Amino acid sequence: MRRPQAPEKKATRESKPWVAQGTGRKAKLVSRKPLPKAKPPMNSTAAPGAGKPPVSILSQVVARGQFQKVPESLALQAGDALELRCRGRAVRWRYPAHLQDDEEGRLRVKHYAKFSQLLVVNATAADTGEYSCWSLQCQDSPCQEGEDRTGKTFVFFADPQELFVPTEDYYEVVQLRTNRPTLLPCQVTSPLARVTLHREFPPEEVPVDGRDISYDVRRGFTIHRSRPSYAGSLFCMASLGGVRQISTKYMLVYINYPSSAPKPTVRASGTSPRVGENFIVTCTVLGEPEVAVDFTWEYPGQKVGRPPYVRERTDLVRRGGQVRQEAESTLYVDEARDVDAGLYTCRAENLEGSASATTRVRVLPALWGGQPG
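Labelled according to an unreviewed UniProt entry, the protein chain appears under the name Platelet-derived growth factor receptor-like protein, originating from Alligator mississippiensis.

1. Here we look at the overall build of the protein chain
A tally of helices and strands in the protein chain yields zero helices and 28 strands. Sorting the 373 residues of the protein chain into buried and exposed places 35% on the buried side. Long-range contacts, defined here as pairs at least 24 residues apart, represent 64% of the contacts in the protein chain between residues at least 6 apart. Summed over its atoms, the accessible surface of the protein chain is roughly 25,400 Å², and 50% of this surface lies on carbon and sulfur atoms.

2. A few points about the packing of aromatic side chains
Throughout the structure, instances matching the rule amount to five aromatic pairs. A ring pair is formed by Y215 and F221, whose centres lie 4.7 Å apart and whose planes are at 40°; its orientation type is tilted. Between F279 and Y344, the aromatic rings sit 6.0 Å apart at their centres with planes inclined by 85°, giving edge-to-face as the arrangement. Of this pair, F279 sits in strand β23 (residues 279–287) while Y344 is found in strand β27 (residues 342–350), placing the two residues 65 residues apart along the sequence. Across the ring face of F115, the terminal group of R85 is positioned such that the distance to the ring centre comes to 3.9 Å.

3. Re the state of the cysteines
All chains considered together, the criterion is met by three disulfides. Here C186 engages in a disulfide with C236; their sulfurs sit 2.1 Å apart. Of note, the bridge from C186 to C236 carries an S-S torsion of about -70° and is left-handed in sense. Taken together, the residues span a long stretch of sequence, with C186 in the loop between β14 (182–184) and β15 (194–199) and C236 in strand β19 (residues 232–240) at a distance of 50 residues. C236 carries the same exposure label as C186, and that label is buried. One disulfide in the model links C283 with C346; its S-S distance is 2.0 Å. The sign of the -75° torsion about the S-S bond sets the C283-C346 disulfide as left-handed. Taken together, the residues span a long stretch of sequence, with C283 in strand β23 and C346 in strand β27 at a distance of 63 residues. With respect to burial, C283 and C346 carry one shared label: buried.

Reading the values: rules and limits
- Along every chain, residues carry numbers that run from 1 in the direction the sequence is written.
- Owing to the predicted nature of the model, reporting of local features is limited to residues with pLDDT of at least 70; listing and counting of side-chain atom pairs is limited to 80 or more, with chain, interface and lining totals taken over all residues.
- Only hydrogens and water are set aside when side-chain values are computed; all heavy atoms of the structure are taken into account.
- Elements are defined by DSSP. Helices are runs of H or I of four residues or more, strands are runs of E of two residues or more, and each kind is numbered from the N terminus.
- Each residue's exposure class comes from its accessible area (1.4 Å probe, protein chains only) as a fraction of the maximum for that residue type: buried when under 20%, exposed when over 50%, partly exposed otherwise.
- Residues are treated as being in contact if the distance between any of their heavy atoms lies within 4.5 Å.
- Throughout, the Shrake-Rupley method with a 1.4 Å probe supplies accessible areas, and for residues the shown protein chains are the sole cover considered.
- Centres within 6.5 Å are what make two rings of Phe, Tyr or Trp a pair, Trp counting through its six-membered ring; a difference in plane orientation under 30 degrees is then read as stacked, over 60 as edge-to-face, and the rest as tilted.
- Here, a charge over a ring means that NZ of Lys or CZ of Arg falls within 6 Å of the ring centre while also lying within 35 degrees of the ring normal.
- Any two cysteine sulfur atoms lying within 2.5 Å of each other are counted as a disulfide.

Below, the structure is given as structure tokens:
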């Protein structure tokens, strides 16, 4: 019988810890050093710490010696205690404004060598709001605020009898401006409350689509696109656990804010009138419709008590295919005198700012007895 042959072993090249260096008799064995791992290329233009989110230095004390990182919001009950700790050598705190006038000793802030502690005891629904801290860098330079060392959280103190954060105002006037969003700050004390927006007259619920009007449980309703139809009395309604309450009523006053300050131009009917002649100086502002413009004048005759005679008008005109508003103020000067010579300045002002324009008028001597020969 033929003996079975053992399977051939494939030659493999093993990694040897020693290698020969040199040739012939002078060859010697040296240790093979592992190749160093390639380091990722460094971006010399990247600033240290670039791309890293700010480090939160705020934590909540949940028990003696036990801490937890605070989330974006905390939900506690009225009557609970809130204890926060902020790391840093020089710490500043910000909390709901009414706690600054606390006379019952419910708010306590203590500063230590490496941290600061804020404690609110016997909390009420009115304590609902944002709590934040930041540390100052004071090691080798004057104290400066460190933007990368901050911490904040929004704390709800739920009270079944107070669904909204209490306020002293039954009505609050809010300007509904066309140049910026409008906030209706009906803050709730529990994030679980269902909140809707309503109009008082006629009674109806205002739709909230997230585009024209949005809702944030920590802030209230924001009107992003102001319209005259939103003007009037609005209020928020919250419901939770069979309890329904309404907020402060907000009286919205629609104001068409201009996009910029006025740009007046000024001109005189004659830059060189003679003594005894009448002349006028006109100031004109071209701007957006339904934007009020106020005019004031400075003129040489003020020094001797000459009263101003001014007439104003506002018209809609078409310029460049658009309807614009032309506001005009005209200063009348009757029977010019020598004291009427000088600078005439028109100042135009709207809700966004003011600007001035100036022209100079010379008053020439009168021609007595006709033209000189």
